[in-house]
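Examination of the molecular architecture
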Protein chains: 2
Amino acid sequence: MDIVPNPLGKKTIVVDWGTTSLRCTLVDSDGCLLGNLETQAGIQFIKDKRFQATLMGVIAPWLEKHGNVPVVALGMITSKDGWVELPYVPCPATPADLAKAIHSTTLPNGSELHFLPGLTDTLRAPFPDVMRGEETQIVGFGLNDPITLVLPGTHSKWARIAEEQVTGFQTFVTGEIFALFSQHSFIAKTEAKDTDSEDWEVVASGARAARDSDAADAAFLSQLFSVRTGMLAGQLEPAQMQSYLSGIVIGNEFRQAMAAGWFTKGDRIGIVGNDKLKDRYGQVAELFDLKIKADGEHEAVAGALKILAQKN
Amino acid sequence: MDIVPNPLGKKTIVVDWGTTSLRCTLVDSDGCLLGNLETQAGIQFIKDKRFQATLMGVIAPWLEKHGNVPVVALGMITSKDGWVELPYVPCPATPADLAKAIHSTTLPNGSELHFLPGLTDTLRAPFPDVMRGEETQIVGFGLNDPITLVLPGTHSKWARIAEEQVTGFQTFVTGEIFALFSQHSFIAKTEAKDTDSEDWEVVASGARAARDSDAADAAFLSQLFSVRTGMLAGQLEPAQMQSYLSGIVIGNEFRQAMAAGWFTKGDRIGIVGNDKLKDRYGQVAELFDLKIKADGEHEAVAGALKILAQKN
């Protein structure tokens, strides 16, 4: 059974509520993960702000069995389109800074419900950058080691940790570009899409092209077209276009992140996330001569417990 | 009445047949444009390769009135998904080089039909770049002056002219990024869309952000997210998000094209195209301290006549 540190020392339900999904985890007083429920009830699918009814429906069996255990919620649930809108905490921020901004209320059964805030980097131009949920994953990853982290996703985050703080971060819309081009662009018109999306050698060739292109060919708006020209040149099979696209976009994320100062070759970085993207990013990181700091899983759960434990 | 140079000295029908539209123009022996028909019958909408029947249906009135005038066709109609697939002519290429690759056939009424080839730049990495149709517009623009041209569109082309040749070119998928993000992404999709899509001041603020960002904030995958963070920061109204996106993507096209060596500040460039994008690109070009070479219109028609005149 998986275990996370539980500084609260009591049973707690962690609710990771994003745009597209709702993940609830029941943690025992010693950190054992007693149960996990994942549904598609992301906030974008909740009608008429029926957040409380949705949550109570999902966790009712746990509350019946274990009583009014406290609940801690993170993610887009605290955005303008969520249940309660919380202001962003500015970087640099410690877990205690995040804890100070917790908004607490009570559920119908008597359970305390604690909403965790998001984070903003006000120094980014042209506008402050924002995250909701990733800051909790970062805290769960651990802040004791000065390091750059990448959190892959629809909107990947690169973040810097130093002196037990999140000192700054930057969003890259890599996953969104991949989804848009593979679903709606010239690439989507290939009938063979998706059949070979796990072809690492093809992904790697795209990532290497992103890494090694000289200034003229490095133009990202231009490299995206190489998915098509590769097919026209007979160098890419239609079934390989999505893998190549994946390499081009992730490779460019690393190239652009390096140019933006997030790492230099030879650095050690952390990759935070639980899905298969973590492995893919680890492979691309190696192409950029990066070493990977090993980490655990369940960062969102561990981080939520750690932040809540700092409250008051 | 509009006039283009007509070195053929006889009535001709020019067919600009792309992915999404079919434009037919009847030119008199002296270059007067006698008629223009534009339909949505782009090649992607033609079922069962019924290209000949489609074309004959559109130009039948002209053939009835003027007899078996020759027809010259350009664009994606010579691609793999078109009527007749023609190989690309490699750069550097003169109009005579393009003319040598013309494929000719005869229509049912006895009219000659001449297909113009596309162009490839085999020196681009990781794969050769390609165009079909833009090379004809470039010839119509004129090759007598060494200059860089930009042809705005779904897949913008930057091309270099020298010594009466097209010496090389590069594709930027700017228009496609704009369309994908404005139609399918919550970064820029808004119910207030399009109401203010001609708000130049907002476009310009996006283009200036693209132009002026330092290395860290210049990461294009990151700048795209600023459309959303600008709205979250209260700096962009929802109705301004698409204008701002337009500035971000076109501004980044110019920034990337400059980094790729297509121009330096103070240069004179040509902008080729007939739609409103031409004006928008002209405005952004001024933000990059570029001067614009004045040109005519109907470049595709003028270029098709000029290339065909070089045949044999």
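Residues numbered from 1 in each chain as written. Chains lettered and ligands numbered in written order. Predicted model: local features only at pLDDT ≥ 70, side-chain atom pairs only at ≥ 80, totals over all residues. Heavy atoms only, no water.

Structural notes on helix H10 (residues 299-309) of chain B
Spelled out, the test is: Here's how the labels work: a residue is buried when its accessible area is under 20% of the maximum for its type, exposed when over 50%, partly exposed in between, all with a 1.4 Å probe on protein chains only. Starting at the N terminus, helices and strands are each numbered in turn, a helix being any DSSP run of H or I of at least four residues and a strand any DSSP run of E of at least two.
The element H10(B) is largely enclosed, with a buried count of nine among its 11 residues. Inspection of H10(B) places Glu299(B), Ala300(B), Val301(B), Ala302(B), Gly303(B), Ala304(B), Leu305(B), Ile307(B) and Leu308(B) among the buried residues, and these make up the whole buried set.

Quick word on unusual backbone geometry
Omega for the peptide link from Ala125(A) to Pro126(A) comes to 0 degrees, which places this bond in the cis form. With a phi close to 55 degrees, His298(B) is a non-glycine residue in the positive phi region. For His298(B), a relative accessible area of 22% translates into the label partly exposed.

Remarks on the packing of aromatic side chains
Here is the rule we go by: Note on aromatic contacts: the rings of Phe and Tyr and the six-membered ring of Trp form a pair at centre separations within 6.5 Å, being stacked when their planes are under 30 degrees apart, edge-to-face when over 60 apart, and tilted otherwise. The criterion is that NZ of a Lys, or CZ of an Arg, lies within 6 Å of the ring centre and within 35 degrees of the ring normal, and then a charge sits over that ring.
By the definition in use, this model includes 23 aromatic pairs over all chains. Centroid distance Trp17(A) to Phe51(A): 5.7 Å. Interplanar angle 80 degrees. Geometry classified as edge-to-face. One end of the pair, Trp17(A), is in strand E1 (residues 12-17); the other, Phe51(A), is in helix H1 (residues 51-66), with 34 residues separating them in the sequence. Each member of the pair Trp17(A) and Phe51(A) is classed as buried. Ring geometry for Phe254(B) versus Tyr281(B): centroids 5.8 Å apart, planes at 50 degrees, classification tilted. Taken as a pair, Phe254(B) in helix H8 (residues 241-259) and Tyr281(B) in helix H9 (residues 277-287) lie far apart in primary sequence, 27 residues in all. Classification of Tyr281(B) as buried rests on a relative accessible area of 1%. Feature note: the residues Trp158(A), Phe254(A), Phe263(A), Tyr281(A) and Phe288(A) constitute an aromatic cluster, connected by ring pairs. Over the ring of Tyr88(A) we find Arg132(A), and its NZ or CZ is 4.1 Å from the ring centre.

Thoughts on the sheet that holds strand E12 (residues 165-172) of chain B
All names here are of chain B. Short version of the rule: We treat two strands as partners when DSSP finds at least two bridges between them. All axes are obtained by fitting lines to C-alpha atoms, using only the stretch in contact for helices, and the reported angles, taken between N-to-C directions, cover 0 to 180 degrees. Contacts: residue pairs with any heavy atoms within 4.5 Å of one another.
The sheet built from five strands is open, its strands ordered E12-E11-E10-E13-E14 with mixed pairing. Only two strands of the sheet have a single neighbouring strand rather than two, namely E12 and strand E14 (291-293). Taken pair by pair, the neighbouring strands of this sheet meet at an average axis angle of 30 degrees, ignoring direction. Across three bridges, the pairing between strand E10 (residues 147-151) and strand E13 (residues 268-271) is parallel. Bridged to Thr 148 within E13 is Ile 269. Here H9 sits on the sheet in contact with E10, strand E11 (156-162), E13 and E14, set at roughly 165 degrees to E13.

A few points about the confidence of the model for chain A
Condition: pLDDT is defined as a per-residue confidence score from the predictor, taking values between 0 and 100.
Taken as a whole, chain A shows an average pLDDT of 94; of its residues, 96% reach a score of 70 or greater. For this predicted complex, the interface confidence reaches an ipTM of 0.92, while the overall pTM sits at 0.94.

Describing the domain arrangement of chain A
All names here are of chain A. Our working definition: How far each domain reaches was decided by an automatic or database domain assignment. What gets called buried area is simply the loss in accessible area from a 1.4 Å probe that two parts show on being joined, summed for both. When a carboxyl oxygen of Asp or Glu is within 4 Å of a side-chain nitrogen of Lys or Arg, the pair counts as a salt bridge. What qualifies as a polar contact is a pair of N or O atoms within 3.5 Å, subject to a donor-acceptor requirement within protein and to the restriction that residues adjacent in sequence count only when both atoms come from side chains. Under this grouping Gly is polar, as are all residues other than the nonpolar Ala, Val, Leu, Ile, Met, Phe, Trp, Tyr, Cys and Pro and the charged Asp, Glu, Lys and Arg.
Each domain of chain A was delimited in the assignment, giving domain 1 (12-143 + 296-309) and domain 2 (174-293). Between the C-alpha centres of domain 1 and domain 2 the distance comes to 31 Å. Between domain 1 and domain 2, the contact holds seven residues from the first and seven residues from the second. Regarding the contact of domain 1 and domain 2, the summed buried area is about 550 Å², with carbon and sulfur atoms giving 52% of it. Where domain 1 touches domain 2, the interface holds zero salt bridges. Viewed at the interface, domain 2 and domain 1 are joined by zero residue pairs in polar contact (both at pLDDT 80 or more). Counted by class, the side of domain 1 that touches domain 2 contains one nonpolar, three polar and three charged residues.

Quick word on the interface of chain A and chain B
Opposite the 51 residues of chain A that make contact, chain B presents 52 residues. Interface of chain A and chain B: buried area, both sides summed, is about 4100 Å²; carbon and sulfur atoms make up 69% of it. Note that Asp217(B) is salt-bridged to Arg124(A), the shortest N-O span being 2.9 Å. Partitioned by chemical class, the residues of the side of chain A that touches chain B number 29 nonpolar, 13 polar and nine charged.

Quick notes on the relation of the copies chain A and chain B
Short version of the rule: The superposition of copies rests on a least-squares fit of C-alpha positions from residues with pLDDT of 70 or more in both.
You can overlay chain A on chain B at an RMSD of 0.2 Å; the transform is a turn of 180 degrees with a shift of 0.0 Å along its axis. Within this description, the copies of the chain are treated as partners about a two-fold rotation axis. Among all residues of chain A, the one whose C-alpha sits closest to the rotation axis is Leu180(A), at a distance of 3.2 Å. An overlap of 98% is found between the interface residues of chain A and their copies at the interface of chain B, pointing to a shared contact surface.

Re the packing of helix H3 (residues 134-141) of chain B against H10(B)
Residues and elements named next belong to chain B. Quick reminder of the rule: Roughly parallel refers to an angle under 35 degrees, roughly antiparallel to one over 145, roughly perpendicular to one between 65 and 115, and oblique to any angle outside these ranges.
Contact pair H3 / H10: the axes reach a minimum separation of 6 Å and the direction vectors enclose 85 degrees. The angle between H3 and H10 places the two elements in the roughly perpendicular class. Along its contact with H3, which presents Thr 136, Gln 137, Val 139, Gly 140 and Phe 141, the element H10 presents Glu 299, Ala 300, Ala 302, Gly 303, Ala 304, Lys 306 and Ile 307. A class-by-class count of the residues in the contact of H3 with H10 yields six nonpolar, four polar and two charged.

With respect to the pattern of salt bridges
By the definition in use, this model includes 16 salt bridges over all chains. The partner of Asp212(A) in a salt bridge is Arg211(A), and the shortest N-O contact between them spans 2.7 Å. Its salt-bridge partner being Asp28(B), residue Lys11(B) comes within 3.7 Å of it at the nearest N-O pair. In this pair, Lys11(B) sits in the segment before strand E1 (12-17) while Asp28(B) sits in the loop between strand E2 (22-27) and strand E3 (33-39), placing the two residues 17 residues apart along the sequence. In this structure Asp28(B) comes out as buried when scored by relative accessible area, which is 18%.

Some details on the pairing of strand E10 (residues 147-151) of chain A
All names here are of chain A. Counting buried positions along E10 yields five of five residues, so the element is predominantly enclosed. Here E10 shows two buried faces, one formed by Ile 147, Leu 149 and Leu 151 and the other by Thr 148 and Val 150. Judged from the five bridges that link them, E10 and strand E11 (residues 156-162) form a sheet pairing that is antiparallel. By the bridge assignment for E11, Leu 149 is matched with Ala 159. Here E10 folds back onto E11, and the loop between the two strands holds four residues.

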